[in-house]
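# A structural walkthrough
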Amino acid sequence: MPYGSSLEFHILSPEEDQRPSRVVYVRHDYSWAWVRVAVLSSDTMEWQMFPETAMPLPAGSMHAASTVVDGFICWQCESVGGASLSEYILVLNTDTFQFSRMDLPPPLRKVHQTFQIGQINDGKLCIVNEKECTLSVWILTAGDDGDERFVLHKMFPLHASFMEVTSCSVEDTISVRLMTVFNGFLYFAIRPCRNYVH
């Protein structure tokens, strides 16, 4: 493997796309200037190799951990000029094995933004983020111009529900950690922090 490159392996199970299990191999340089994809199918045990391709990313980009959702492998990408600013998602379509770039909605273009990529029940891609104890759900939707973009679908204030479950007071701080979005369900962890008055 050439110096300065990285390998990733992703397993696509039959439940995710109604095909035999497949292993997707992604090799790229550290800057993601180029990428090569190969796919191993469990029924034929043969590799399908795709040509090396240039990426639709601006210079100076880096990616975070990947997420496998039905029909897609997604990477949260950040620009690294001065601050790590989340601006877009890199998406590999596992039907066509073509890469595309999806811009994040402006409210999510933040330094060190944390969100989870997943799918709602009908299979559409979604992003869930949390800010000030409120969940926001963004769904990939086709606009009037035919272009797909993430649109705010719903917001869920959590503090009242957490107070009921954890017996916290309104003054207490609640920490929320998003874990994953799977089959239309968001899994997250909460930690109440008591605010004691001295």
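Notes on the structure in this doc start here. (Residues numbered from 1 in each chain as written. Predicted model: local features only at pLDDT ≥ 70, side-chain atom pairs only at ≥ 80, totals over all residues. Heavy atoms only, no water.)

## Details of the overall build of the protein
Along the protein, the regular secondary structure elements total two helices and 15 strands. Per-residue burial over the protein gives 40% buried out of 198 residues. At a minimum sequence separation of 6, the contacts of the protein that also span at least 24 residues come to 34%. Accessible surface for the protein amounts to roughly 11,600 Å². Of this, 54% is attributable to carbon and sulfur atoms. (Helix = DSSP H or I, 4+ residues; strand = E, 2+ residues; numbered from the N terminus. Buried < 20%, exposed > 50% of the residue type's maximum accessible area, 1.4 Å probe, protein only. Contact = heavy atoms within 4.5 Å. Areas by Shrake-Rupley, 256 points an atom, 1.4 Å probe, with all protein chains shown as cover.)

## Structural notes on unusual backbone geometry
Backbone geometry at Met45 places phi at a positive 55°, although glycine is not the residue there. Here Met45 lies in the loop between strand 3 (34–41) and strand 4 (47–49). Positioned with a positive phi, Glu132 is a non-glycine residue whose angle comes to about 50°. One can find Glu132 in the loop between strand 11 (125–131) and strand 12 (134–142).

## A few points about the environment of Asp122
Mapped onto the fold, Asp122 is located in the loop between strand 10 (115–119) and strand 11. In sequence terms Asp122 and Asn183 are 61 residues apart; their C-alpha atoms lie 8.9 Å from each other.

## A few points about the pattern of salt bridges
Tallying each qualifying case throughout the model produces two salt bridges. Among the ionic pairs, Arg101 bridges to Asp103, the shortest N-O distance being 3.5 Å. Given the relative accessible area of 38%, Arg101 is considered partly exposed. Two residues, Arg149 and Asp145, come together in a salt bridge whose shortest N-O distance is 3.1 Å. With a relative accessible area of 37%, Arg149 lands in the partly exposed category. (Salt bridge = Lys/Arg side-chain N within 4 Å of Asp/Glu carboxyl O.)

## What to know about a nonpolar patch on the surface
Together, Met179, Phe182, Phe185, Tyr187, Phe188 and Ile190 give the surface a local cluster of nonpolar side chains, amounting to about 590 Å² of exposed area. Among the elements of the structure, strand 14 (173–182) and strand 15 (185–193) are those that each provide at least two residues to the nonpolar patch. In terms of residues, the nonpolar patch owes the most to one element, strand 15, which gives four residues. (Patch = residues over 30% accessible without salt bridge, like charges linked within 9 Å, V, L, I, M, F, W, Y side chains within 5 Å.)

## With respect to the side chain of Glu130
When you line up the elements, Glu130 lands in strand 11. Notably, Glu130 is buried but unbridged: the nearest opposite-charge side chain belongs to Lys131, and the N-O separation is 10 Å. (Lys, Arg positive; Asp, Glu negative; His and termini not counted.)

## Observations regarding the sheet that holds strand 12
Strand order across the open sheet formed by four strands is 10-11-12-13, with antiparallel pairing between neighbours. The sheet is open, and its two edges are formed by strand 10 and strand 13 (148–157), each paired on a single side. Strand-to-strand twist of the sheet, defined as the mean angle between neighbouring strand axes without regard to direction, takes the value 25°. Across six bridges, strand 11 lies against strand 12 in antiparallel orientation. What sits directly across from Cys126, in strand 12, is Ile139. (Pairing = 2+ DSSP bridges. Axes fitted to C-alpha atoms, helices over the stretch in contact; angles between N-to-C directions.)

## Re the packing of aromatic side chains
With the rule as written, the count across this model stands at four aromatic pairs. Each ring, one from Phe9 and one from Tyr25, has its centre 5.6 Å from the other, and the planes form 55°; the classification is tilted. Here Tyr25 lies in strand 2 (residues 22–29) and Phe9 lies in strand 1 (residues 5–12), a separation of 16 residues in the sequence. Overall, the relative accessible area of 53% leaves Phe9 in the exposed class. The structure contains a cluster of three or more aromatic residues connected by ring pairs, namely Phe9, Tyr25 and Trp47. (Phe/Tyr/Trp six-rings, centres within 6.5 Å; stacked < 30°, edge-to-face > 60°.)

In short, geometric facts, not functional conclusions.
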